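A closer look at the structure
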Amino acid sequence: MEAPALCLCRAGGSSAAEKGGIIRRLKGGWHRGDRLLCLDWTLLRLFPPLCATWVLEGTQAVVPITGRNAKRVLFRAIDLRSARRVVLIRSHASQADARAFLRTLRRRYRRAGWIWLLTDRASAHTAPQTQALAARLRIRFVWLPRQAPELSPMDQLWRELKRPVAANRQAASIDALAATAATWVLTLTPQQAFRKAGMASKHFWLRKLLQNFWRPT
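Residues numbered from 1 in each chain as written. Predicted model: local features only at pLDDT ≥ 70, side-chain atom pairs only at ≥ 80, totals over all residues. Heavy atoms only, no water.

1. Quick notes on the overall build of the chain
What counts is decided by this rule: Think of it this way: any DSSP run of H or I at least four residues long counts as a helix, any run of E at least two long counts as a strand, and we number them from the N terminus. Using a 1.4 Å probe on the protein chains alone, a residue whose accessible area is under 20% of its type maximum counts as buried, one over 50% counts as exposed, and one in between counts as partly exposed. When checking whether two residues touch, look at their non-hydrogen atoms; a contact exists if any pair is within 4.5 Å. All accessible areas in this document rest on Shrake-Rupley with a 1.4 Å probe, and a residue is counted as covered only by the protein chains that are shown.
Helix and strand content of the chain: 8 helices and 6 strands. Listing each helix as α and each strand as β along the chain from the N terminus yields β-α-β-β-β-α-β-α-α-β-α-α-α-α. Counting across all 217 residues of the chain, residues that qualify as buried make up 47%. Restricting to contacts in the chain with at least 6 residues of sequence separation, those with at least 24 account for 71%. Summing over all exposed atoms, the chain offers an accessible surface of approximately 11,600 Å²; the carbon and sulfur share of this is 51%.

See below:
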């Protein structure tokens, strides 16, 4: 049995019709005790992206690195009502890793009804085994339109994380970098998380739904 999933995708970005369709389906299937989260994963590499640095005019900027470009994957989710965040550090972004994160989410939301996950159609999410596990865990995937990162609060939060944590200088190790990134995400106050994820904006596409449709449970 596959978990019910909502698919509203169109190449070339999102539209008002797609966003409206997602909102209508959420309203139609929502029950008291359900939770709405946005899921995303981020690849961290030990080589730092050079976003900005000071250097004398006419000279080449130098960023010291070790030469070992290791990687870690941060699976992250944010609760759209409370800004509660869940982070899992993995070595890969495989189907098994995606399923491990689903189990982590259900452990953190033991008493919740269905968990609705706003996310993209990555192969690790759409795989039959992942869908079957989601059904057993009472998790529904809500597919965001393709090429529409502006609709994902977690994507916006990643942009905010990248500058202070993962850019311009190399961490002592990939594990240290992943731990620092996870700590940055988890130690934000709810107000900071709402703002950095773009959910505090009056233009946030789910603002009216969160304010007027769902009441705290």
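2. With respect to the nonpolar core
Side chains of a nonpolar character, in soluble globular proteins, are inclined to be buried together. The test is simple: Definition used in this section: a nonpolar core is a set of buried Ala, Val, Leu, Ile, Met, Phe, Trp, Tyr and Cys residues joined via side-chain atoms within 4.5 Å.
Counting residues in hydrophobic clusters, the biggest one holds 41 residues, and the most contacted among them are Leu 36, Ile 78, Leu 80, Leu 118, Trp 205 and Leu 206. Mapped by element, the contributors of at least two residues to this core are helix H1 (16-29), strand E2 (35-45), strand E3 (71-79), strand E5 (115-119), helix H5 (153-166), helix H6 (174-186) and helix H8 (207-213). Here this core takes 7 residues from H6, the largest share from any one element. When sequence neighbours within four positions are dropped, the list of residues in contact with Leu 80 reads Leu 36, Leu 37, Cys 38, Leu 118, Phe 194, Met 199, Phe 204, Leu 206 and Leu 210. If you look at the next biggest cluster of nonpolar residues, it comprises 23 residues, including Ala 100, Ile 115, Ala 124 and Leu 137.

3. Re the pattern of salt bridges
Filter applied, for reference: For salt bridges, the criterion is a side-chain nitrogen of Lys or Arg within 4 Å of an Asp or Glu carboxyl oxygen.
Scanning the model with the defined rule gives 5 salt bridges in all. Here Arg 72 ties to Asp 175 by a salt bridge, and the two come within 2.9 Å at their closest N and O atoms. With Arg 72 in strand E3 and Asp 175 in helix H6, this residue pair connects regions lying 103 residues apart in the sequence. Residue class for Asp 175 comes out partly exposed when judged on its relative accessible area of 45%. For Glu 160, the salt bridge goes to Lys 196, with nearest N and O atoms at 3.9 Å. In this pair, Glu 160 sits in helix H5 while Lys 196 sits in helix H7 (residues 190-196), placing the two residues 36 residues apart along the sequence.

4. Describing the packing of helix H2 (residues 95-108) against helix H4 (residues 128-136)
Rules: Axes, fitted as lines to C-alpha atoms, cover a helix only where it is in contact. Angles between the N-to-C directions of the axes lie from 0 to 180 degrees. Angle categories are assigned with fixed cut-offs, so that under 35 degrees is roughly parallel, over 145 is roughly antiparallel, 65 to 115 is roughly perpendicular, and the rest are oblique. Amino acids outside the nonpolar list (Ala, Val, Leu, Ile, Met, Phe, Trp, Tyr, Cys, Pro) and the charged list (Asp, Glu, Lys, Arg) are all regarded as polar, and Gly is one of them.
Two elements in contact, H2 and H4, have axes whose closest approach is 9 Å; the angle formed by their N-to-C orientations is 10 degrees. By the angle between their directions, the pair H2 and H4 is classed as roughly parallel. For the pair formed by H2 and H4, the contact residues are Gln 95, Arg 99, Leu 102 and Arg 103 on the first element and Gln 129, Thr 130, Leu 133 and Ala 134 on the second. In the contact of H2 with H4, the residues fall into 3 nonpolar, 3 polar and 2 charged.

5. Topic: the side chain of Arg 85
We count it as follows: Positive charge is attributed to Lys and Arg, negative charge to Asp and Glu, and no charge count is given to His or to the chain ends. We call two N or O atoms a polar contact when they sit within 3.5 Å, provided that within protein one can donate a hydrogen and the other can accept it, with sequence-adjacent residues counted only if both atoms are side-chain atoms.
Within the element layout of this structure, Arg 85 appears in strand E4 (residues 85-90). In this structure Arg 85 is buried but unpaired, with Asp 79 as the nearest side chain of opposite charge at 9.7 Å. A polar atom in the side chain of Arg 85 sits 2.6 Å from the backbone oxygen of Ala 83. Only 2.7 Å separates the side chain of Arg 85 from the backbone oxygen of Val 185, close enough to count as a polar contact. Dropping the residues within four chain positions of it, Arg 85 is found in contact with Ala 77, Ile 78, Val 185, Leu 186, Thr 187, Leu 188, Thr 189, Pro 190 and Ala 193.

6. A word on the pairing of E5
Within a regular beta strand, the side chains point alternately toward one face of the sheet and then the other, so they alternate between its two faces. Applicable threshold: Only when DSSP finds a minimum of two bridges between them are two strands counted as paired.
Burial within E5 is extensive, with 5 of its 5 residues counted as buried. Here E5 shows two buried faces, one formed by Ile 115, Leu 117 and Thr 119 and the other by Trp 116 and Leu 118. Pairing of E5 with strand E6 (residues 139-143) involves 5 bridges; the strand directions are parallel. Looking across to E6, one finds that Leu 117 is bridged to Phe 141.

7. Here we look at the environment of Arg 169
On the secondary structure map, Arg 169 appears in the loop between H5 and H6. Given the relative accessible area of 53%, Arg 169 is considered exposed. Between the C-alpha atoms of Arg 169 and Leu 46, which are 123 residues apart in sequence, the distance is 9.3 Å.

8. Notes on the side chain of His 125
On the secondary structure map, His 125 appears in helix H3 (residues 123-126). Residues in contact with His 125, not counting those within four places in the same chain, are Leu 39, Trp 41, Ala 98, Thr 119, Asp 120, Thr 130, Gln 131, Phe 141 and Trp 143.

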